[in-house]
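Chain by chain, the residues run as shown.
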Amino acid sequence: MTPVTVGVSLKAYFGRRAARVWFGEVAAVVGAHEAVRNGAVEVFVIPTYLQFDDARDYLAPAGIRVGVQDVSAYEPGPYTGEITAVEVAESGGAFAEIGHAERRRLFGETDEITAAKAAAALRHGVTPVLCIGESGRTDAETAARTTVAQLRADLAGAPSGRVVVAYEPVWAIGAPEPAPTAHIVAVSRALRAALDADPARVGSSVIYGGSAGPGLLARLEGAVDGLFLGRFAHDAAAFGRVIDEAAELAASRSTQNGATP
(Lines give C-alpha, C1' and ligand atoms only; values in the text may rest on other atoms or scores of the structure.)
Protein backbone atom coordinates (compact mmCIF):
# COMPACT_ATOMS: atom_id res chain seq x y z
CA MET A 1 0.00 0.00 0.00
CA THR A 2 1.29 3.47 -0.92
CA PRO A 3 2.44 5.27 2.25
CA VAL A 4 1.07 8.62 3.26
CA THR A 5 3.75 11.09 2.22
CA VAL A 6 4.62 14.40 3.85
CA GLY A 7 7.36 16.52 2.33
CA VAL A 8 8.85 19.91 3.11
CA SER A 9 10.80 22.25 0.83
CA LEU A 10 12.81 24.85 2.70
CA LYS A 11 13.39 26.98 -0.41
CA ALA A 12 16.00 29.58 0.62
CA TYR A 13 14.41 30.75 3.85
CA PHE A 14 17.02 29.43 6.27
CA GLY A 15 20.71 30.08 6.56
CA ARG A 16 22.83 27.07 7.38
CA ARG A 17 22.94 27.70 11.15
CA ALA A 18 19.19 28.19 11.40
CA ALA A 19 18.63 25.10 9.29
CA ARG A 20 20.72 22.98 11.67
CA VAL A 21 18.53 24.09 14.59
CA TRP A 22 15.40 23.21 12.62
CA PHE A 23 16.78 19.81 11.57
CA GLY A 24 17.40 18.98 15.20
CA GLU A 25 13.91 20.00 16.24
CA VAL A 26 12.29 18.05 13.41
CA ALA A 27 14.37 14.94 14.07
CA ALA A 28 13.18 14.98 17.67
CA VAL A 29 9.50 15.59 16.90
CA VAL A 30 9.00 13.59 13.72
CA GLY A 31 11.51 10.81 14.26
CA ALA A 32 9.80 9.79 17.51
CA HIS A 33 6.53 9.09 15.69
CA GLU A 34 5.61 5.41 15.43
CA ALA A 35 4.01 5.85 12.00
CA VAL A 36 7.30 7.23 10.65
CA ARG A 37 9.34 4.46 12.24
CA ASN A 38 7.12 1.70 10.82
CA GLY A 39 6.91 3.22 7.33
CA ALA A 40 3.19 3.99 7.31
CA VAL A 41 4.11 7.66 6.88
CA GLU A 42 6.96 8.63 4.56
CA VAL A 43 8.63 11.95 5.37
CA PHE A 44 11.12 13.86 3.28
CA VAL A 45 12.82 17.23 3.60
CA ILE A 46 14.30 19.25 0.73
CA PRO A 47 16.90 21.75 1.97
CA THR A 48 19.27 23.93 -0.04
CA TYR A 49 22.30 22.24 -1.58
CA LEU A 50 24.64 23.68 1.06
CA GLN A 51 22.39 22.36 3.82
CA PHE A 52 22.13 18.88 2.30
CA ASP A 53 24.83 17.10 4.31
CA ASP A 54 23.60 18.65 7.56
CA ALA A 55 20.04 17.58 6.76
CA ARG A 56 21.09 14.02 5.96
CA ASP A 57 23.19 13.73 9.13
CA TYR A 58 20.42 15.00 11.41
CA LEU A 59 17.38 13.52 9.69
CA ALA A 60 18.36 10.14 8.27
CA PRO A 61 18.76 8.54 11.73
CA ALA A 62 15.20 9.69 12.46
CA GLY A 63 13.85 7.92 9.35
CA ILE A 64 13.41 11.13 7.38
CA ARG A 65 14.64 11.12 3.78
CA VAL A 66 16.36 14.05 2.11
CA GLY A 67 16.13 15.52 -1.39
CA VAL A 68 17.27 18.45 -3.50
CA GLN A 69 15.38 21.47 -4.86
CA ASP A 70 16.43 20.98 -8.47
CA VAL A 71 18.48 18.61 -10.59
CA SER A 72 20.32 18.91 -13.88
CA ALA A 73 18.77 17.65 -17.10
CA TYR A 74 22.28 16.58 -18.13
CA GLU A 75 24.56 13.70 -17.32
CA PRO A 76 27.98 14.53 -15.79
CA GLY A 77 30.03 16.76 -18.05
CA PRO A 78 30.98 20.36 -18.84
CA TYR A 79 27.91 22.02 -17.30
CA THR A 80 29.07 24.71 -14.89
CA GLY A 81 26.88 25.13 -11.83
CA GLU A 82 24.77 22.04 -12.43
CA ILE A 83 24.07 19.29 -9.90
CA THR A 84 23.56 15.97 -11.68
CA ALA A 85 21.21 13.19 -10.68
CA VAL A 86 24.23 10.91 -10.44
CA GLU A 87 25.74 13.08 -7.71
CA VAL A 88 22.41 13.42 -5.92
CA ALA A 89 22.04 9.64 -5.80
CA GLU A 90 25.66 9.11 -4.70
CA SER A 91 25.13 11.63 -1.88
CA GLY A 92 22.08 9.82 -0.53
CA GLY A 93 19.44 12.08 -2.06
CA ALA A 94 16.15 10.25 -2.48
CA PHE A 95 14.03 13.00 -4.07
CA ALA A 96 14.44 15.87 -6.51
CA GLU A 97 11.93 18.71 -6.62
CA ILE A 98 11.31 19.49 -10.29
CA GLY A 99 9.18 22.02 -12.13
CA HIS A 100 8.23 24.29 -9.24
CA ALA A 101 6.24 27.36 -10.30
CA GLU A 102 9.10 29.63 -9.17
CA ARG A 103 11.54 27.78 -11.42
CA ARG A 104 9.12 28.12 -14.32
CA ARG A 105 8.40 31.80 -13.68
CA LEU A 106 11.82 33.11 -12.62
CA PHE A 107 14.09 30.92 -14.72
CA GLY A 108 11.94 30.19 -17.76
CA GLU A 109 11.73 26.45 -17.26
CA THR A 110 9.34 24.85 -19.72
CA ASP A 111 7.56 21.50 -19.71
CA GLU A 112 10.33 20.23 -22.01
CA ILE A 113 13.02 21.19 -19.49
CA THR A 114 10.99 19.73 -16.65
CA ALA A 115 10.56 16.48 -18.57
CA ALA A 116 14.31 16.25 -19.22
CA LYS A 117 15.05 16.75 -15.51
CA ALA A 118 12.44 14.18 -14.47
CA ALA A 119 13.92 11.68 -16.90
CA ALA A 120 17.44 12.30 -15.58
CA ALA A 121 16.29 11.76 -12.00
CA LEU A 122 14.46 8.53 -12.82
CA ARG A 123 17.44 7.16 -14.74
CA HIS A 124 19.47 7.31 -11.55
CA GLY A 125 16.92 6.13 -9.02
CA VAL A 126 16.00 9.57 -7.67
CA THR A 127 12.26 10.10 -7.23
CA PRO A 128 10.99 13.27 -8.91
CA VAL A 129 8.74 15.49 -6.82
CA LEU A 130 6.99 16.85 -9.87
CA CYS A 131 5.28 20.18 -9.19
CA ILE A 132 2.07 20.53 -11.21
CA GLY A 133 -0.50 23.32 -11.08
CA GLU A 134 -2.63 25.73 -13.06
CA SER A 135 -1.39 29.32 -13.09
CA GLY A 136 -4.71 31.17 -12.89
CA ARG A 137 -7.70 30.54 -10.68
CA THR A 138 -10.36 28.64 -12.58
CA ASP A 139 -13.04 26.00 -12.05
CA ALA A 140 -11.97 22.54 -10.93
CA GLU A 141 -12.89 20.80 -14.19
CA THR A 142 -10.71 23.15 -16.23
CA ALA A 143 -7.92 22.89 -13.68
CA ALA A 144 -8.09 19.09 -13.83
CA ARG A 145 -7.73 19.08 -17.62
CA THR A 146 -4.86 21.56 -17.47
CA THR A 147 -2.93 19.72 -14.80
CA VAL A 148 -3.35 16.27 -16.34
CA ALA A 149 -2.05 17.64 -19.65
CA GLN A 150 0.89 19.20 -17.79
CA LEU A 151 1.61 15.92 -16.02
CA ARG A 152 1.76 14.05 -19.32
CA ALA A 153 4.01 16.68 -20.87
CA ASP A 154 6.34 16.67 -17.87
CA LEU A 155 6.75 12.90 -18.05
CA ALA A 156 7.07 12.63 -21.82
CA GLY A 157 9.91 10.24 -22.62
CA ALA A 158 10.69 9.55 -18.95
CA PRO A 159 11.69 6.01 -17.97
CA SER A 160 9.50 3.93 -15.71
CA GLY A 161 9.52 4.65 -12.02
CA ARG A 162 7.69 6.18 -9.13
CA VAL A 163 6.97 9.90 -9.11
CA VAL A 164 5.50 12.10 -6.39
CA VAL A 165 3.13 14.55 -8.03
CA ALA A 166 2.85 17.69 -5.95
CA TYR A 167 -0.34 19.46 -6.98
CA GLU A 168 0.33 23.13 -6.29
CA PRO A 169 -2.09 25.58 -7.91
CA VAL A 170 0.15 28.56 -8.57
CA TRP A 171 -2.44 31.03 -7.29
CA ALA A 172 -2.46 29.28 -3.89
CA ILE A 173 1.31 29.33 -3.32
CA GLY A 174 2.09 31.81 -0.55
CA ALA A 175 -1.60 32.62 -0.05
CA PRO A 176 -3.14 32.95 3.42
CA GLU A 177 -5.21 29.79 2.82
CA PRO A 178 -4.94 26.71 0.59
CA ALA A 179 -7.20 26.23 -2.41
CA PRO A 180 -10.81 25.29 -1.59
CA THR A 181 -11.22 21.71 -0.43
CA ALA A 182 -13.57 20.67 -3.25
CA HIS A 183 -11.15 22.07 -5.82
CA ILE A 184 -8.18 20.18 -4.39
CA VAL A 185 -10.18 16.96 -4.20
CA ALA A 186 -11.41 17.14 -7.81
CA VAL A 187 -8.02 17.96 -9.34
CA SER A 188 -6.10 15.49 -7.18
CA ARG A 189 -8.46 12.68 -8.13
CA ALA A 190 -7.96 13.49 -11.80
CA LEU A 191 -4.18 13.36 -11.36
CA ARG A 192 -4.52 10.10 -9.42
CA ALA A 193 -6.57 8.57 -12.23
CA ALA A 194 -3.97 9.65 -14.81
CA LEU A 195 -1.19 8.00 -12.79
CA ASP A 196 -3.22 4.83 -12.26
CA ALA A 197 -3.78 4.56 -16.01
CA ASP A 198 -0.02 4.60 -16.66
CA PRO A 199 1.66 1.23 -15.93
CA ALA A 200 5.04 2.99 -15.84
CA ARG A 201 4.02 4.88 -12.67
CA VAL A 202 3.21 2.08 -10.27
CA GLY A 203 3.59 3.22 -6.67
CA SER A 204 3.33 6.91 -7.49
CA SER A 205 1.73 9.43 -5.15
CA VAL A 206 -0.29 12.62 -5.37
CA ILE A 207 0.30 15.17 -2.61
CA TYR A 208 -1.03 18.71 -2.22
CA GLY A 209 1.03 21.85 -1.71
CA GLY A 210 0.15 25.52 -1.80
CA SER A 211 -0.31 27.02 1.67
CA ALA A 212 -0.81 23.53 3.12
CA GLY A 213 -0.69 23.15 6.88
CA PRO A 214 -2.23 21.47 9.92
CA GLY A 215 -5.90 20.57 9.59
CA LEU A 216 -5.94 20.31 5.79
CA LEU A 217 -5.23 16.62 5.30
CA ALA A 218 -8.27 15.56 7.28
CA ARG A 219 -10.53 17.71 5.07
CA LEU A 220 -9.41 16.19 1.79
CA GLU A 221 -11.48 13.00 2.01
CA GLY A 222 -8.53 10.75 1.26
CA ALA A 223 -8.18 12.28 -2.22
CA VAL A 224 -4.45 12.88 -1.74
CA ASP A 225 -1.62 10.70 -0.51
CA GLY A 226 -0.19 13.45 1.66
CA LEU A 227 0.98 17.05 1.74
CA PHE A 228 3.90 19.14 0.48
CA LEU A 229 4.59 21.77 3.10
CA GLY A 230 6.33 25.11 2.94
CA ARG A 231 6.55 27.85 5.53
CA PHE A 232 3.96 26.25 7.86
CA ALA A 233 6.49 23.52 8.60
CA HIS A 234 9.06 26.05 9.85
CA ASP A 235 7.41 25.45 13.22
CA ALA A 236 8.50 21.90 14.13
CA ALA A 237 5.45 21.48 16.38
CA ALA A 238 3.12 22.30 13.47
CA PHE A 239 5.06 19.85 11.33
CA GLY A 240 4.47 17.25 14.04
CA ARG A 241 0.71 17.92 13.99
CA VAL A 242 0.66 17.21 10.25
CA ILE A 243 2.47 13.92 10.89
CA ASP A 244 -0.23 13.06 13.46
CA GLU A 245 -2.88 13.67 10.79
CA ALA A 246 -0.90 11.64 8.24
CA ALA A 247 -0.73 8.75 10.70
CA GLU A 248 -4.51 8.89 11.13
CA LEU A 249 -4.96 8.76 7.36
CA ALA A 250 -2.54 5.82 7.08
CA ALA A 251 -4.42 3.93 9.80
CA SER A 252 -7.74 4.61 8.07
CA ARG A 253 -6.39 3.33 4.76
CA SER A 254 -5.01 0.23 6.46
CA THR A 255 -8.39 -0.51 8.01
CA GLN A 256 -10.19 -0.01 4.70
CA ASN A 257 -7.82 -2.49 3.06
CA GLY A 258 -8.49 -5.08 5.73
CA ALA A 259 -5.13 -4.81 7.47
CA THR A 260 -4.50 -4.25 11.14
CA PRO A 261 -3.76 -0.52 11.69
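Above: the structure in question.
This section reports on the structure supplied with the text.

What counts, and at which threshold
- Residues numbered from 1 in each chain as written.
- Predicted model: local features only at pLDDT ≥ 70, side-chain atom pairs only at ≥ 80, totals over all residues.
- Heavy atoms only, no water.
- Helix = DSSP H or I, 4+ residues; strand = E, 2+ residues; numbered from the N terminus.
- Rg over C-alpha atoms; globule rule 2.2 N^0.38 Å.
- Buried < 20%, exposed > 50% of the residue type's maximum accessible area, 1.4 Å probe, protein only.
- Areas by Shrake-Rupley, 256 points an atom, 1.4 Å probe, with all protein chains shown as cover.
- Lys, Arg positive; Asp, Glu negative; His and termini not counted.
- Charge placed at Lys NZ, Arg CZ, Asp CG, Glu CD.
- Phe/Tyr/Trp six-rings, centres within 6.5 Å; stacked < 30°, edge-to-face > 60°.
- Salt bridge = Lys/Arg side-chain N within 4 Å of Asp/Glu carboxyl O.
- Contact = heavy atoms within 4.5 Å.
- Axes fitted to C-alpha atoms, helices over the stretch in contact; angles between N-to-C directions.
- Left-handed = near helix turned anticlockwise from the far one by under 90°.
- Nonpolar A, V, L, I, M, F, W, Y, C, P; charged D, E, K, R; others polar.
- Pairing = 2+ DSSP bridges.
- Right-handed = clockwise from strand over helix to strand, strands pointing away.

**So, the overall build of the protein chain**
Helix and strand counts for the protein chain stand at nine helices and eight strands. Taken against the 2.2 N^0.38 rule, which gives 18 Å for 261 residues, the C-alpha radius of gyration of the protein chain at 17 Å falls within 12% of a compact globule. Overall, the protein chain is about 50 × 45 × 35 Å in size when its C-alpha atoms are taken along their principal axes. Taken over 261 residues, the protein chain has a buried fraction of 52%. Total accessible area on the protein chain is roughly 11,200 Å²; 54% of this is exposed by carbon and sulfur atoms. Side chains of the protein chain carry 23 positive and 30 negative charges; the gap between the two charge centres is 1 Å.

**Points about the packing of aromatic side chains**
Applying the stated criterion across every chain, the model contains eight aromatic pairs. Note on Phe23 and Tyr58: the rings are 6.3 Å apart at their centroids and 45° apart in plane angle, and the pair reads as tilted. Pair noted here: Phe23 is in helix 1 (residues 16–30) and Tyr58 is in helix 3 (residues 52–59), with a separation of 35 residues, a long-range link. For Phe23, a relative accessible area of 0% gives the class buried. The exposure class assigned to Tyr58 is partly exposed, which follows from its relative accessible area of 36%. Their ring planes at 25° and their centres at 4.4 Å tell us that Phe44 and Phe95 sit as a pair that is stacked. Placement of the pair is Phe44 in strand 2 (residues 41–46) and Phe95 in strand 4 (residues 95–98), with a sequence separation of 51 residues. In this structure Phe44 comes out as buried when scored by relative accessible area, which is 0%. When its relative accessible area of 0% is taken as the criterion, Phe95 is described as buried. A network of ring pairs unites the aromatic residues Phe14, Trp22, Phe23, Tyr58 and Phe239 as a single cluster.

**Focus on the pattern of salt bridges**
Note that side chains of opposite charge can pair when their charged atoms are close. Tallied over the full model, the rule gives 21 salt bridges. Where Asp54 meets Arg16, a salt bridge forms, and the shortest distance between an N and an O atom there is 2.6 Å. Residue Asp54 is located in helix 3, and its partner Arg16 is located in helix 1; the two are separated by 38 residues in the primary sequence. Residue Asp54 is classed as buried on the basis of its relative accessible area, which comes to 10%. Look at the salt bridges and you will find they share partners, linking Asp70, Arg103, Glu109 and Lys117 into a network.

**Let's talk about the side chain of Thr127**
Along the chain, Thr127 falls in strand 5 (residues 127–132). With a relative accessible area of 12%, Thr127 lands in the buried category. The residues contacting Thr127, other than those within four sequence positions of it, are Ala94, Phe95, Ala96, Arg162, Val163 and Val164.

**Section: unusual backbone geometry**
One non-glycine residue, Lys11, adopts positive backbone phi at about 50°. Examined against the element boundaries, Lys11 turns out to sit in the loop between strand 1 (4–9) and helix 1. Here Ser211, not a glycine, exhibits a phi torsion of approximately 60°, which is positive. You can see Ser211 is positioned in the loop between strand 7 (205–209) and strand 8 (226–229). Residue classification places Ser211 among the buried residues on the basis of a relative accessible area of 8%.

**Re the packing of helix 7 (residues 140–154) against helix 8 (residues 181–196)**
The description of two packed helices rests on the angle between their axes and on the distance between the axes. At a minimum axis distance of 9 Å, the contact between helix 7 and helix 8 shows a crossing angle of 35°. Our pair here, helix 7 against helix 8, has a crossing hand that is right-handed. Taken together, the residues of helix 8 that come into contact with helix 7 (itself represented by Ala140, Ala143, Ala144, Thr147, Val148 and Leu151) are His183, Ala186, Val187, Ala190, Leu191, Ala194 and Leu195. Along the lines of polarity and charge, the residues of the contact of helix 7 with helix 8 split into eleven nonpolar, two polar and no charged.

**What about the pairing of strand 4?**
Side chains of strand 4 alternate between two faces, with Phe95 and Glu97 and Ala96 and Ile98 buried alike. Across two bridges, strand 3 (residues 65–68) lies against strand 4 in parallel orientation. Across the sheet, Val68 pairs through a bridge with Ala96, a residue of strand 4. Note on the crossover from strand 3 through helix 4 (residues 85–90) to strand 4: the handedness is right-handed.

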